[in-house]
Amino acid sequence: MSQEKENFTETIESSEKGASNPELDPILSNGDVALQVIASGKHAPYTSEEEKSLLRKIDLHLMPFMFISYFLQFMDKAALSNSSVFGLIDDLHLVGNQYSWCGSIFYFGYMIGQPIAARCMQHFSIARYVGVSFVMWAIVLVCTTATKNFGGLATIRFLLGMCEATVSPAWILLTGMWYKKTESAMRDSIWYSGNAFGVIFGGLISYGLGHIHSSIVSWKWFYVVYGILSFFWGFALYFCLPDSVVDCKFLNDREKYIAVERLRDSRTGVKNKVFKKEQAFEALLDPQVWLIAIIYFIGCLPAGGVQNFGNLIIESFGFNSFQTVLINMPSGVMQALTLWLSGWIVSRYPNTTILIQSICIIPCLIGTCIVKYLPNHPVSRRNGKLFAFYCIYINTMSDITIFALMQKNISGFTKKSTTNVIFFVCYCVGMIAAPQFFKSSQAPGYSEGFKMMIVCWVILIVLPWVLFYYYYIENKKKVKNEEKEIQEGKEALENEEFLDLTDKQQRGFRYTY
């Protein structure tokens, strides 16, 4: 391997000095930005101690920013649900399914913002773009306090969705750019647990904001406080969040080399600013992309219902508004613990991703059935329903496994960006549709909504195994094709890992599941 790296460096250096290779020149010129680091000079092989030290340094500079950003994003999105139990529905004269549509219309904006975000994050600095988006959505969030009716709230929610369309796709890309396949799931679980801590501390914050007595009605304080925090955090992201390995300032040349070289076995590259149509078409025609997107879409239907109607469901158990926001806090603890558990298992044990994805849905199915069919009285039964409701939040383990599959099995930056668009458009469709199953005329039982959740959980237990079978077949094909090329005397393209080739184009790529 050491000799192979030296040969590749020499190949790039000779190309820079004017030597031409008709086969490699087009590939090298459109290769990954990681090539700049590799070609910057010869480096001695790195030690495991150097890599561990570097990994701690990367974690320190990335994880806090990503975690806090996701925490704030969750708080901003949850503001609608929290404010609903403090008078927003009455003050804005929402009737019928208008509240449901306010939950859904956010995702119309989110969906329209996806292709814009994908292209901008490929062409510009991801960190800078996320910082600007944070500031913009903070301003829009505060403007919620000026709404007087359904039309005003719906408009604000649409604009908020467009502004917030950046963070999740950006964090999936950044995690894949900085971490190996064996590390990404655990890091996904860390920053994604910002949602869980949003539930935990959001309950305390909501309880406090709900007790404010002033000329401003209590529900408006959610948008004022969260908006101000997000505004200043946007500037912190813009100036402090590291972008790619090539552009970061906290690593020296040696550390940049190690940061890139250790990603070699992952075969998913770092970044390429050139939009490649062939990679976009490959993503659109790739069965794994659509299977992953469909799985996430189905998962978003019950998750979207819980997100928008969770507080109202708990309130239907017989609790008042203040009790509701506090009682929802343990669900965040359940979510955080299961997220970290799934991240650790997937990172620790190879090819357990789909197994975890399927198994984690079983307690969600059981919990949903208990909440649906167990009466509220006596109090002991109500407490049982409450614990069952907490179990539904275990479904976020599935999100980590899906992110991990995308980061491990999709290569080529344009293909990854296009996959993100497909993935999050399906996410939006699911979140748009979800509140429509929870009709106000069926409150507080929401029979149609709970039936939908049960059906989705059953499908999600089975469907991941279709993806497992697809990966298994594709790996067998890749092995067979590689053996055939070896017999024909065809040599593998040297260091194809950093040439911004897709998973289908790389001869040595193998899918993990």
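Engineer: Explain the pattern of salt bridges here, please?
Structural biologist: Note on pairing: side chains with opposite charge can pair once their charged atoms come close. Summed over the entire model, instances satisfying the criterion amount to 19 salt bridges. In this structure, R262 and E51 form a salt bridge, with 3.1 Å as the shortest nitrogen-oxygen distance. Separated by 211 residues along the polypeptide, R262 in the loop between α13 (253-261) and α14 (277-285) and E51 in helix α4 (residues 48-84) bring together distant segments of the chain. Overall, R262 belongs to the buried group, its relative accessible area being 3%. Note that K276 is salt-bridged to D500, the shortest N-O span being 2.7 Å.

Engineer: Whenever I open this one, the packing of aromatic side chains confuses me. Can you help?
Structural biologist: The geometry of an aromatic ring pair is captured by the separation of the ring centres together with the interplanar angle, meaning the angle of the planes. What the rule picks out here adds up to 37 aromatic pairs. With centroids separated by 6.0 Å and ring planes inclined at 35°, the aromatic side chains of F106 and Y110 adopt a geometry described as tilted. Of this pair, F106 and Y110 both sit in helix α6 (residues 98-123), 4 residues apart, roughly one helical turn. Across the pair, exposure class does not vary: F106 and Y110 are buried alike. Members of the aromatic cluster, connected to one another through ring pairs, are Y70, F106, Y107, Y110, W191, Y192, Y296, F403, F423, F424 and Y427. Here the basic side chain of R128 rests over the ring of Y238, its NZ or CZ set 5.6 Å away from the ring centre. Residue placement shows K181 over the ring face of F509; its charged tip is 4.6 Å from the ring centre.

Engineer: Quick question: what am I supposed to make of the packing of α4 against helix α9 (residues 167-178) here?
Structural biologist: The packing of two helices is summarised by the inter-axis angle and the distance between the axes. Between α4 and α9, the shortest axis-to-axis distance is 11 Å and the interhelical angle comes to 165°. If you check the angle between α4 and α9, you find them roughly antiparallel. Regarding α4 and α9, the two cross each other, and that crossing is left-handed. Residues I58, L62, F65, M66, S69, Y70 and Q73 of α4 form the contact with α9, whose participating residues are V167, S168, W171, L174, T175 and W178. The residue makeup of the contact of α4 with α9, split by class, is 9 nonpolar, 4 polar and no charged.

What counts and what doesn't
Residues numbered from 1 in each chain as written. Predicted model: local features only at pLDDT ≥ 70, side-chain atom pairs only at ≥ 80, totals over all residues. Heavy atoms only, no water. Salt bridge = Lys/Arg side-chain N within 4 Å of Asp/Glu carboxyl O. Helix = DSSP H or I, 4+ residues; strand = E, 2+ residues; numbered from the N terminus. Buried < 20%, exposed > 50% of the residue type's maximum accessible area, 1.4 Å probe, protein only. Phe/Tyr/Trp six-rings, centres within 6.5 Å; stacked < 30°, edge-to-face > 60°. Lys NZ or Arg CZ within 6 Å of the ring centre and 35° of its normal. Axes fitted to C-alpha atoms, helices over the stretch in contact; angles between N-to-C directions. Parallel < 35°, antiparallel > 145°, perpendicular 65-115°, else oblique. Left-handed = near helix turned anticlockwise from the far one by under 90°. Contact = heavy atoms within 4.5 Å. Nonpolar A, V, L, I, M, F, W, Y, C, P; charged D, E, K, R; others polar.

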